[in-house]
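# Coordinates in review
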Amino acid sequence: MTMEEFDLPEFIFGEFPIKDGGFNDERQFIFHKGVSLIEIIAFDEFIHVIDSSKISKQYSYFGEDFSLTYHTNNTEHLGLNPMEVLDKAWEFYRDYLIWEDTNEH
């Protein structure tokens, strides 16, 4: 294995691994290229917490609505369009949802 293989992937998925029945149990995040943090907000769980001052975009998966919202947005530092990054992040997350639906635990 070489050091080049240890570069960060474009997107990293994260959630709180230990569930305690609290507010954070259902929160999920996507880390983009080590510089931006995007939260995945499921409307049926967190619709009332969306901050309209933050850049976000809505998506849908089999009738379930989500908003991808930046907590930190440093896409311009990389010369990227923030909305295009959200679209790519959604593709990444949608692939995760498909994987979850087809690989029952």
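Residues numbered from 1 in each chain as written. Predicted model: local features only at pLDDT ≥ 70, side-chain atom pairs only at ≥ 80, totals over all residues. Heavy atoms only, no water.

## A look at the nonpolar core
Judged by nonpolar contacts, the single largest core of 16 residues is most densely connected at Ile30, Ile38, Phe66, Leu68, Trp90 and Tyr93. If you list the elements that add at least two residues to this core, you get β3 (36-42), β4 (56-61), β5 (64-72) and α2 (82-102). For this core, the leading source of residues is α2, giving six residues. When near neighbours in sequence (up to four residues on either side) are disregarded, Ile30 contacts Phe11, Ile12, Ser36, Leu37, Ile38, Ile40, Leu68, Ala89, Phe92 and Tyr93. (Core = buried A, V, L, I, M, F, W, Y, C linked by side-chain atoms within 4.5 Å. Buried < 20%, exposed > 50% of the residue type's maximum accessible area, 1.4 Å probe, protein only. Helix = DSSP H or I, 4+ residues; strand = E, 2+ residues; numbered from the N terminus. Contact = heavy atoms within 4.5 Å.)

## Description of the side chain of Arg27
As for its position among the elements, Arg27 is in the loop between β1 (11-15) and β2 (28-32). Residue classification places Arg27 among the buried positions, given a relative accessible area of 17%. Only 2.9 Å separates the side chain of Arg27 from the side chain of Asn24, close enough to count as a polar contact. Polar side-chain contacts of Arg27 include one of 2.8 Å to the side chain of Glu39. (Polar contact = N/O pair within 3.5 Å; in protein donor to acceptor, adjacent residues only side chain to side chain.)

## Concerning the environment of Phe43
Along the polypeptide, Phe43 turns up in helix α1 (residues 43-46). Exposure remark for Phe43: the relative accessible area of 17% places this residue in the buried category. Spatially, the C-alpha atoms of Phe43 and Leu68 are 11 Å apart, while their sequence positions differ by 25 residues.

## Regarding the packing of aromatic side chains
In the structure shown here, the tally under the stated rule is eleven aromatic pairs. Between the aromatic rings of Phe66 and Trp90, the centroid separation amounts to 5.6 Å while the plane-to-plane angle is 45 degrees, which identifies the pairing as tilted. Taken together, the residues span a long stretch of sequence, with Phe66 in strand β5 and Trp90 in helix α2 at a distance of 24 residues. Ring centres of Trp90 and Tyr93 lie 6.0 Å apart, and the angle between their planes is 50 degrees; this geometry places the pair in the tilted category. Placement of the pair is Trp90 and Tyr93 together in helix α2, with a separation of three residues, close to one helical turn. A single burial state applies to Trp90 and to Tyr93, both of which are buried. Within the aromatic cluster, the residues linked to one another by ring pairs are Phe13, Tyr59, Phe66, Trp90, Tyr93, Tyr96 and Trp99. (Phe/Tyr/Trp six-rings, centres within 6.5 Å; stacked < 30°, edge-to-face > 60°.)

## Describing unusual backbone geometry
The phi angle at Lys33 is positive, at roughly 50 degrees, despite the residue not being glycine. Secondary-structure assignment places Lys33 in the loop between β2 and β3. For Lys33, a relative accessible area of 41% gives the class partly exposed. Positive phi, close to 45 degrees, is recorded for Phe62, a residue that is not glycine. Along the chain, Phe62 falls in the loop between β4 and β5. When its relative accessible area of 76% is taken as the criterion, Phe62 is described as exposed.

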